Amino acid sequence: TVALGLARFEVDPLPTTVDEVYADHETVDAAAVASRTRQAVGHLTALVQGLCWPALVACFVLAFSRDVTGQVLAALVGLGMLLRARLFVTVGQRLPLLIAGTGAIAGLMVALISEFDGMTVILATALPSLAVVVGCLLVAGRRRRVSPSVTRAAELIEMAIAVAVVPLVAGVLGLFGFIRGLGG
C-alpha cells in the first residue's frame, strides 16, 4: 500500500451496481500504468531491503544477548522473514528476506553453540539445523506446485509468528516487569 501510494496510484472504488459497471467507460493509459508499476516495484524493493538489514542486525544482537526471550524472538523473526520471502516475485525483494532470515537463524545457532557445551549443543543446534536442512531439501526437490493446503499452512504459521512477536517484544523491552512494578 505504501509503495502504491509513493508511485501515485489512485485506487478508485469498485462499482457496486450494474449501472455503475455499464457507465464506466474510462480508458487507461497503459504506458503510465506500466511506468507507475515499475516505480511501485522499485519502492517496494527499497522498503523490503531497508527493513531486512536492520532486522538482521537486531536478530544478531538478540541472539547473543543470552536472554531466552530475545533468542526466541530472533528465531521467530528469522523464520518469519523466510516465510514472507515466498510471497515476493523479484530477486531484489526475495533475496534480502532469504539472506536476512537465514542469517538470523545462523546467528542464533552460533550463539547457542557458544552458550552451551557437550550434548546440549547437539540437542540445541544440530537437530534443529538438520531438520531445517531436510525440510529445505524436500521443498527444493519438488517439481510440482505447492498444494493449496501447504500454502494455507504456511500462511497460518506466518500469522502465528506475527501474533507471537508482540509479547516477545514486550518481554525483551521489559514491559512486563514495568507493569508489575506499577502495582507497588
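Up top you'll find the structure we're talking about.
Cut-offs applied
- Residues numbered from 1 in each chain as written.
- Predicted model: local features only at pLDDT ≥ 70, side-chain atom pairs only at ≥ 80, totals over all residues.
- Heavy atoms only, no water.
- Helix = DSSP H or I, 4+ residues; strand = E, 2+ residues; numbered from the N terminus.
- Buried < 20%, exposed > 50% of the residue type's maximum accessible area, 1.4 Å probe, protein only.
- Salt bridge = Lys/Arg side-chain N within 4 Å of Asp/Glu carboxyl O.
- Polar contact = N/O pair within 3.5 Å; in protein donor to acceptor, adjacent residues only side chain to side chain.
- Contact = heavy atoms within 4.5 Å.
- Patch = residues over 30% accessible without salt bridge, like charges linked within 9 Å, V, L, I, M, F, W, Y side chains within 5 Å.
- Areas by Shrake-Rupley, 256 points an atom, 1.4 Å probe, with all protein chains shown as cover.
- Axes fitted to C-alpha atoms, helices over the stretch in contact; angles between N-to-C directions.
- Parallel < 35°, antiparallel > 145°, perpendicular 65-115°, else oblique.
- Left-handed = near helix turned anticlockwise from the far one by under 90°.
- Nonpolar A, V, L, I, M, F, W, Y, C, P; charged D, E, K, R; others polar.

Some thoughts on unusual backbone geometry
One non-glycine residue, R66, lies in the positive phi region at around 60°. Topologically, R66 is positioned in the loop between α3 (30-63) and α4 (68-85). For R66, a relative accessible area of 53% translates into the label exposed.

Some remarks on the pattern of salt bridges
Evaluated as defined, the whole model comprises 3 salt bridges. Ionic pairing is found between R84 and E158, a salt bridge with its closest N-O pair at 2.6 Å. Taken as a pair, R84 in helix α4 and E158 in helix α7 (residues 148-173) lie far apart in primary sequence, 74 residues in all. R84 sits in the partly exposed class, given a relative accessible area of 37%. The residue E155 makes a salt bridge to R152 at a minimum N-O spacing of 3.1 Å. Of this pair, E155 and R152 both sit in helix α7, 3 residues apart, which is roughly one turn of that helix. Since its relative accessible area comes to 43%, R152 is described here as partly exposed. The network of salt bridges with shared partners includes R84, R86 and E158.

Examining the side chain of T45
Here T45 shows up in helix α3. A polar side-chain atom of T45 sits 3.1 Å from a polar atom in the side chain of Q93. Dropping the residues within four chain positions of it, T45 is found in contact with T90, G92 and Q93.

Re a nonpolar patch on the surface
The grouping of M119, I122, L123, L127, L130 and V134 at the surface amounts to a nonpolar patch, some 580 Å² of accessible area in total. With respect to the helices and strands, L127 occurs in helix α6 (residues 119-141).

Describing the packing of α4 against α7
How two helices pack is summed up by the angle between their axes together with the distance between the axes. Contact geometry of α4 with α7 gives a least axis separation of 9 Å together with a crossing angle of 150°. Of the possible angle classes, the one that applies to α4 and α7 is roughly antiparallel. In the packing of α4 onto α7, the handedness of the crossing is left-handed. Seen from α4, the contacting residues are T69, G70, V72, L73, L76, L79, G80, L83 and R84; seen from α7, they are A154, I157, E158, I161, A164, V165, L168, V169, G171 and V172. For the contact of α4 with α7, the class distribution of residues is 13 nonpolar, 4 polar and 2 charged.

By themselves, these are just geometric observations and shouldn't be taken as functional.
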